[in-house]
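# Structural overview for review
In case you want the letters, here they are:
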Amino acid sequence: KSKYSSVNLDELPKTSVIICFHNEARSALLRTIYSVLNQSPYELLKEILLVDDFSEDPLDGELLKTIPKVKVIRLEHRQGLIRARLAGSTAAVGEVLVFLDSHCEVTIGWLEPLLVRIKKDKKHVVSPVIDIINKDNMKYVTANSNIKGGFGPNLHFKWEVLNYEQMQHRRDDSTSPIVTPAIAGGLFAVDKDFFEYIGSYDDEMEIWGGENVEMSMRIWMCGATLEIMPCSRVGHIFRSTMPYGFGPGKTYHSTVTKNLRRTAEVWMDEKKSIFYKAQPAAKNIEFGNISSRLALKKRLNCKSFDWFISNIYPEFNGQKIITEQYGQL
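All values derive from a computational prediction rather than experimental measurement.

Reading guide: rules and limits
- Residues numbered from 1 in each chain as written.
- Predicted model: local features only at pLDDT ≥ 70, side-chain atom pairs only at ≥ 80, totals over all residues.
- Heavy atoms only, no water.
- Helix = DSSP H or I, 4+ residues; strand = E, 2+ residues; numbered from the N terminus.
- Buried < 20%, exposed > 50% of the residue type's maximum accessible area, 1.4 Å probe, protein only.
- Pairing = 2+ DSSP bridges.
- Right-handed = clockwise from strand over helix to strand, strands pointing away.
- Disulfide = S-S within 2.5 Å.

### Considerations on the environment of His156
- Here His156 shows up in the loop between strand S8 (147-151) and strand S9 (157-161).
- Under the relative-accessibility criterion, His156 is labelled partly exposed at 29%.
- For His156 and Val213, which are 57 residues apart along the polypeptide, the C-alpha to C-alpha distance reads 7.7 Å.

Shown next, in the form of structure tokens:
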């Protein structure tokens, strides 16, 4: 029995679940929607907000409007995940925003742990444990929950095993939140007002890729916390190929590298050299104007990247890249 099963639902904030999609398989999209409807307390679910990122077939969204609590926004041209989520968050009326990818399945009791944590402190940004839906047979597979999110010197997200102290804490209470330096980004919950206050997404980033690492750094450095809630579990289809492109003349590499350059330039201070040594070709890709993000950083009085790796992510191995691969003493 879940520790959250006796929670008074009337005391929890109402939720907008935001699902963005572009040419998603209808079966996967329906599985996501109906799992949210079936596994979420009716009184907590304000709406399911579908953002159609200009799918080739407009009927993909139109046919879904008849489902209870579902609202559909169709963008007039392709925007990408980041700006589609911004469109969804702007339109949302719930007190809490829950972002889900369009190929998921939520489980019984998935929502309550997220909302309880946010109700305790609006500065908690929380993620479920991400289980696996096998892409070949669509079976739900439970994943290891003794992990946290991180990233390497190239700023690409990765999963890491919990350190000794965290494992000991998990043995004492396996239901307590797992502090994580970063989140995968596809699935998370955040107070709507706080999401806007802390800078939502960088809307100059393209399509998707790297926005989760940028957000993770920003959340920690600007006074909030990132946690994984072990009692909340959501399955996710991890695809081996991408069913869409990144726009004329753009590739996955150029798009993600631009986004990561913006992250490094705004949030890594002088330590951005770590990123460029890991990704030397990144210097050849334009990253645009970052003045508004630097102004946000100053306005929020955010801490330094040195503070982040000293206090939140001491396992970060960026310095190792400099000293070992480039021979500095």
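### What about the pairing of strand S1 (residues 15-21)?
- Among the seven residues of S1, seven are classified as buried, and the element is accordingly described as predominantly covered.
- Residues Thr15, Val17, Ile19 and Phe21 line one face of S1 and the alternating positions Ser16, Ile18 and Cys20 line the opposite face, and both faces are buried.
- The pairing of S1 with strand S2 (residues 45-52) spans seven bridges and is classified as parallel. Counted as the bridge partner of Ile19 is Leu50 from S2.
- Between the parallel pair S1 and S2, the chain is carried across by helix H1 (residues 26-39), and the sense of this crossover is right-handed.
- With five bridges joining them, S1 and strand S4 (residues 96-100) adopt parallel strand pairing. Across the sheet, residue Thr15 finds its bridge partner in S4, namely Val96.

### Concerning the state of the cysteines
- Under the definition given, this model contains one disulfide.
- The residue that forms a disulfide with Cys222 is Cys302, at a sulfur-sulfur distance of 1.9 Å. Around the S-S axis, the bridge from Cys222 to Cys302 shows a dihedral of about 100° and counts as right-handed. Placement of the pair is Cys222 in the loop between helix H7 (211-221) and strand S12 (225-237) and Cys302 in the loop between helix H10 (291-299) and helix H11 (305-311), with a sequence separation of 80 residues.
- Accessibility expressed as a relative area gives 14% for Cys302, which makes it buried.
- Here Cys20 stays free of any disulfide, with the sulfur of Cys104 as its closest cysteine sulfur at 12 Å.

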